[in-house]
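Here's the letter readout for the chains.
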Amino acid sequence: DIQMTQSPASLSASLGETVTIQCQASEDIYSGLAWYQQKPGKSPQLLIYGASSLQDGVPSRFSGSGSGTQYSLKISSMQTEDEGVYFCQQGLKYPLTFGSGTKLEIK
Amino acid sequence: EVQLVESGGGLVQPGRSLKLSCAASGFTFSDYYMAWVRQAPTKGLEWVASISYDGGSTYYRDSVKGRFTISRDNAKSSLYLQMDSLRSEDTATYYCTTGYYFDYWGQGVMVTVSS
């Protein structure tokens, strides 16, 4: 199985700050990576797919990058509504696997 | 508007069965792979099973293989998860979702396995 290691586990950011979350795969996933945001009591929402493609309706302050085994999600200007838990997920091979999540809070 | 509405959850004793359903609308159901993803209380996301467009191919995580069965009815735009021999570790909110990048999600249905 492909293991997804996400870091950090939690972070706090000020309004307007740039935030970066990392995700490392245990093997090359050839950009087969997605990022999700989950707010308390809500279903996850797809933000990024194919490592860098922005899902329709997602604000442009979100961006994804990376290749091989290393990927990152960047929020270019932290907003209040960006608080939540972020998960990465590899879509290359079954079993599909998620990272353990990063809890993002406003400082 | 895309809608996925799960039903069938509840409290069940270990070893018993439960069948989840997901009613889809707002998109061409047969054009999508479908999946179930679960989330144990206060935990992360865990993929459970996926099914191809016509149901001809199915995929499961090892811990549910032989106990869970994913199926679909394209004429009814519905997805199912038959869960047999339930264990306490199956306790979670189960989400119906689309694709292999999960672009649409239901609201989730809670399954509690406890005596």
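Refer to the structure printed above.
Residues numbered from 1 in each chain as written. Chains lettered and ligands numbered in written order. Predicted model: local features only at pLDDT ≥ 70, side-chain atom pairs only at ≥ 80, totals over all residues. Heavy atoms only, no water.

J.: I'm lost on the pairing of strand β9 (residues 92-98) of chain B in this one. Help?
T.: Residues in a regular strand point their side chains to alternate faces of the sheet. Residues and elements named next belong to chain B. Summarising burial for β9: 7 of the 7 residues are buried, a large majority. Burial of β9 is two-sided: the residues Ala92, Tyr94, Cys96 and Thr98 facing one way and the residues Thr93, Tyr95 and Thr97 facing the other way are all buried. Judged from the 6 bridges that link them, strand β4 (residues 34-39) and β9 form a sheet pairing that is antiparallel. Note that in β9 the partner of Gln39 across the bridge is Thr93. (Buried < 20%, exposed > 50% of the residue type's maximum accessible area, 1.4 Å probe, protein only. Helix = DSSP H or I, 4+ residues; strand = E, 2+ residues; numbered from the N terminus. Pairing = 2+ DSSP bridges.)

J.: I would appreciate a short explanation of the nonpolar core in the present structure.
T.: Within soluble globular proteins, side chains that are nonpolar generally end up buried alongside one another. One finds B:Trp36, B:Leu79, B:Leu81, B:Met83 and B:Tyr94 to be the most contacted residues of the largest nonpolar core, which totals 27 residues. When contributions to this core are tallied by element, the ones reaching two or more residues are β3 (18-25), β4, β5 (45-51), β7 (68-73), β8 (78-83), β9 and β10 (109-113) of chain B. Of the residues forming this core, the biggest block, 4 residues, is contributed by β3(B). Setting aside its immediate chain neighbours within four residues, B:Leu81 contacts B:Leu18, B:Lys19, B:Leu20, B:Trp36, B:Val48, B:Phe68, B:Thr69, B:Ile70 and B:Tyr94. Counting residues in each nonpolar core, the second largest holds 22 residues, with A:Cys23, A:Trp35, A:Ile48 and A:Cys88 among its members. (Core = buried A, V, L, I, M, F, W, Y, C linked by side-chain atoms within 4.5 Å. Contact = heavy atoms within 4.5 Å.)

J.: Which parts of the structure should I look at to understand the pairing of strand β7 (residues 62-67) of chain A?
T.: Residue and element names in this part refer to chain A. In this structure, β7 lies alongside strand β8 (residues 70-75), joined through 6 bridges in antiparallel fashion. Following the sheet pairing, Gly66 is matched in β8 by Tyr71. In this structure, the hairpin formed by β7 and β8 is closed by a connection of 2 residues, where Gly68 is found at a positive phi of approximately 65°.

J.: In this structure, what is going on with the packing of aromatic side chains? I would like to understand it.
T.: How two aromatic rings sit relative to each other is set out by the distance from centre to centre and by the angle between their planes. Under the defined criterion, the tally for this structure stands at 15 aromatic pairs over all chains. A centroid spacing of 6.2 Å and a plane angle of 45° characterise the contact between A:Tyr49 and B:Tyr101, whose relative ring orientation is tilted. Placement of A:Tyr49 in strand β5 (residues 45-49) and of B:Tyr101 in the loop between β9 and β10 is noted, with the two residues assigned to different chains. Between A:Tyr94 and B:Tyr59, the aromatic rings sit 4.0 Å apart at their centres with planes inclined by 10°, giving stacked as the arrangement. Here A:Tyr94 is found in the loop between β9 (84-90) and β10 (97-98), whereas its partner B:Tyr59 is found in strand β6 (residues 58-60) on a different chain. With a relative accessible area of 31%, A:Tyr94 lands in the partly exposed category. The exposure class of B:Tyr59 is partly exposed, given its relative accessible area of 25%. Lying across the ring of B:Tyr80, B:Lys19 places its NZ or CZ 4.8 Å from the centre. (Phe/Tyr/Trp six-rings, centres within 6.5 Å; stacked < 30°, edge-to-face > 60°. Lys NZ or Arg CZ within 6 Å of the ring centre and 35° of its normal.)

J.: It is not clear to me how the state of the cysteines should be interpreted in this structure. Could you clarify?
T.: A disulfide bridge is the covalent bond that connects two cysteines by way of their sulfur atoms. Taken as a whole and assessed by the stated rule, the structure comprises 2 disulfides over all chains. For A:Cys23, the disulfide goes to A:Cys88, at an S-S distance of 2.0 Å. Because the torsion about its S-S bond is 60°, the bridge between A:Cys23 and A:Cys88 counts as right-handed. In this pair, A:Cys23 sits in strand β3 (residues 19-25) while A:Cys88 sits in strand β9, placing the two residues 65 residues apart along the sequence. According to the relative accessible area criterion, A:Cys23 is buried, its value standing at 0%. A disulfide bridge connects B:Cys22 with B:Cys96, and the sulfur atoms are separated by 2.1 Å. Classification of the bridge connecting B:Cys22 and B:Cys96 rests on its S-S torsion, roughly -70°, and on that basis the disulfide is left-handed. Of this pair, B:Cys22 sits in strand β3 while B:Cys96 is found in strand β9, placing the two residues 74 residues apart along the sequence. Accessibility expressed as a relative area gives 1% for B:Cys22, which makes it buried. (Disulfide = S-S within 2.5 Å.)

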